[in-house]
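Structure at a glance
Residue-level listing of the chains:
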Amino acid sequence: MDILFTGGTIITVDEVNENPKAVAVSNGKILGIGSVKQAQSLLSSDFETVDLDDKYLLPGFIDAHSHPLWAAKTRGAPVVDIRAETVPTYQAILGKIKRRVAVAKPNEHLIFFGLDAQLHPDMEAPTRELLDEIAPNNPIGIQTSNCHALYLNSKGFEVCGIDENTPTPTGSVIERDASGRPTGKIAEAITWSALESFYSAWGDGRLNEQFEASITEFVQNGITTVTEHLYMPFYKAYYQNALKRGLPLPRVAAYQQATTADMRVQNVSMGDDRLWMAGVKIHADGSPLIGNIWLSQPYLESEITLERMNLKPGHTGSVNYPQEFFEKMVRTYFAEGWQMTIHTQGDRTIDMVLDLLETILSETPREDHRFRLEHCALMREDQIARAQGMGVLCSFFINHITHWGAPIEDALFGSERAAHYMPAGTAVKHGMRISLHADTPMTDPSGLDLMQAAITRKAGDGRCLGQDECLDVKTALKSITIDAAYQIGMEDKLGSITVGKHADFVVLDQDVFECDPNELSKINIFATYLAGELVWQNDF
């Protein structure tokens, strides 16, 4: 079908053609841009006209680090939402768990998602004994809001196949008592494999239904391209089913999770750039919010760190894998030609990763490797300069500022480190093409939320964490469009309204350049187009 988009303001994010009056689309691709006459002349005689009605047409947003299928696993019954915005205290959480268990069927598997040491003010780490008392007959798990840790009762350990004889996998944590018996908490890779025991018990029907809701949430927010950053080969069937059902699946760059060097990467490709294997994801460390990142300066000593997070005074954390094990993984997948995305939060972790990447690139130079560091919470300016010089890119989990900014400054790291937490502004100053991401399911998907967070750096209580790290509107927009496309290796097909690219668009009812930066997240998304097809329209 041929389509002419006109009648509004077109923000191309293409510096060659910044303000055209019309866009011509044919067979899902951008055929031409320019004046109405110029664009119309390229189309067949029976083209359709989309009147923008004085609204704003932009390239579809790109979330460069997300988990749409994994997000579906964490949302919707039988998962119970206990995030702080839903259940504000730990005691209220325990009450909600007890009420849900009281109506559960025998052996019904239950997950409670969103326990938060920073935002649940009376939080205590749930013990195995406490959870056994609450739920003696049901496997239950309480997952932290940062997704990196899980608390289980005895039935939960049983269905996950974890006991005192289970060896702790490399890159994982099983907290144990003196006899070796798991005490309740597990963390990192074993968390995600354990959760599969719950998900599989619920069946594919539930996941396929919730996946549809997850897909809808992305496109409602104008997001037309995402990543699946913990992709596993069995995910393919769910994506195939989504396309078969005609769901408006955003384009998905898959990054397969690596936990060993001998894991084979599935070189998947589906449809016209609808799902493709973009690279490999490795967790070098964990989450600042549970304390398993590697730091040159310790966490602050506060109620949150000492009592809710159970950290010792002077805690500086560690990395997930022994150096030799980690290096073998990175070398293996680099030698196979994959783009590498490495989860790095602590500054000592980042030093370790950059040292290794520098060695590998000196031994085997690759002009366009696009190594990516993911999240980059406590990255120092010297590390950013070094990364930029090596061609290493950063994707910032900027929503940490809006969701956890106050405790990050007051309880975890102090004002000096908080002022450069997620240092997107410093990276841009050094010339880096950055991206921003929501890391859904940790935070909900929204390109406009990401822009507002990066431009204002305002925490939930209104304070600004580091004015010097704020982005301007143009840079923030590029970080969720063309620069995000660059980071996933698709800048020739996505990220701007440019001839030859996919016709993926979002229509807004306000101009992002004229809107109050503190109100960006409130802009109404009027419509979302994938390959020129309307896949979402707001009825406001």
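Residues numbered from 1 in each chain as written. Predicted model: local features only at pLDDT ≥ 70, side-chain atom pairs only at ≥ 80, totals over all residues. Heavy atoms only, no water.

**Structural notes on the side chain of Thr224**
Filter applied, for reference: Secondary structure elements are defined from DSSP: runs of H or I of at least 4 residues count as helices, runs of E of at least 2 residues count as strands, and each element is numbered from the N terminus. In this description, contact between two residues means that some pair of their heavy atoms is separated by no more than 4.5 Å.
Structurally, Thr224 is set in strand β14 (residues 223-231). Filtering out sequence-adjacent residues up to four positions away, Thr224 remains in contact with Gly60, Phe61, Pro250, Arg251, Asp504, Phe505, Thr528, Tyr529 and Leu530.

**With respect to the nonpolar core**
Where we set the bar: The nonpolar core is taken to be a set of buried Ala, Val, Leu, Ile, Met, Phe, Trp, Tyr and Cys residues, with the residues joined through side-chain atoms within 4.5 Å. Exposed residues in this analysis have more than 50% of their type's maximum accessible area, buried residues have under 20%, and partly exposed residues fall in between, with area computed by a 1.4 Å probe over protein chains only.
In this structure, Ile282, Phe326, Tyr333, Met451, Leu508 and Val512 are the most contacted members of the largest nonpolar core, which totals 149 residues. In this view, Tyr333 contacts Ala258, Thr260, Ala261, Asp262, Met263, Val265, Val280, Ile282, Trp338 and Met340; residues no more than four positions away in its chain are not counted. One finds Phe5, Val25, Ile497 and Tyr529 within the second-largest nonpolar core, a separate group that totals 17 residues.

**Some points on the environment of Phe513**
Considering the arrangement of structural elements, one finds Phe513 in the loop between β22 (505-508) and β23 (525-530). Overall, the relative accessible area of 38% leaves Phe513 in the partly exposed class. Along the chain, Phe513 and Leu477 lie 36 residues apart, while their C-alpha atoms are 9.5 Å from each other.

**Re the sheet that holds strand β9 (residues 110-115)**
By way of backbone hydrogen bonds, the strands of a sheet pair with one another, either parallel or antiparallel. Selection rule: Only when DSSP finds a minimum of two bridges between them are two strands counted as paired. Axis lines are fitted to C-alpha atoms, over the contacting stretch for helices. Their N-to-C directions set the angle, which ranges from 0 to 180 degrees.
If you trace the 6 strands from one edge of the open sheet to the other, you get β8-β9-β10-β11-β13-β12, paired in mixed fashion. Looking at strand neighbours, the two that pair on one side only are β8 (79-81) and β12 (172-176), the edges of this open sheet. Each adjacent strand pair in this sheet contributes to an overall mean axis angle of 20°, direction not counted. The pairing of β8 with β9 spans 3 bridges and is parallel. Along β9, the bridge assignment pairs Val80 with Phe112. Lying on the sheet, helix α3 (residues 90-102) is in contact with β8, β9 and β10 (140-144); it crosses β9 at an angle near 165°.

**Observations regarding the domain arrangement of the chain**
The test is simple: Boundary definitions for the domains trace back to an automatic or database domain assignment.
Domain assignment breaks the chain into domain 1 (2-54) and domain 2 (69-201). Taking only C-alpha atoms into account, the centre of domain 1 sits 51 Å from that of domain 2.

**A short note on helix α11 (residues 347-363)**
Along an α-helix, a turn takes 3.6 residues, which lines up residues three or four apart on a common side. The line we're drawing: Multiply 1.5 Å by the residue count of a helix minus one, and that product is the helix's expected span.
End to end, α11 covers 24 Å across 17 residues, agreeing with the expected 24 Å (1.5 Å per residue, within 8%). When α11 is considered as a whole, its buried residues turn out to be Asp347, Thr349, Ile350, Met352, Val353, Leu354, Leu356, Leu357, Ile360 and Leu361. Packed against the buried residues of α11 are α10 (323-335), β18 (339-344), β19 (372-375) and α12 (381-390).

**Details of the pattern of salt bridges**
This is how it is decided: Salt bridge criterion: a side-chain nitrogen from Lys or Arg within 4 Å of a carboxyl oxygen from Asp or Glu.
With the rule as written, the count across this model stands at 31 salt bridges. Across the pair Arg75 and Asp444 runs a salt bridge, and its minimum N-O distance is 3.4 Å. Taken together, the residues Arg75 in the loop between α2 (68-74) and β8 and Asp444 in the loop between β21 (435-436) and α15 (447-456) connect sequence positions 369 residues apart. Residue classification places Asp444 among the partly exposed positions, given a relative accessible area of 32%. The shortest N-O distance in the salt bridge between Asp382 and Arg380 comes to 2.9 Å. Residue Asp382 is classed as partly exposed on the basis of its relative accessible area, which comes to 46%. Among the charged side chains, a salt-bridge network with shared partners connects Arg75, Asp81, Arg83, Glu85 and Asp444.

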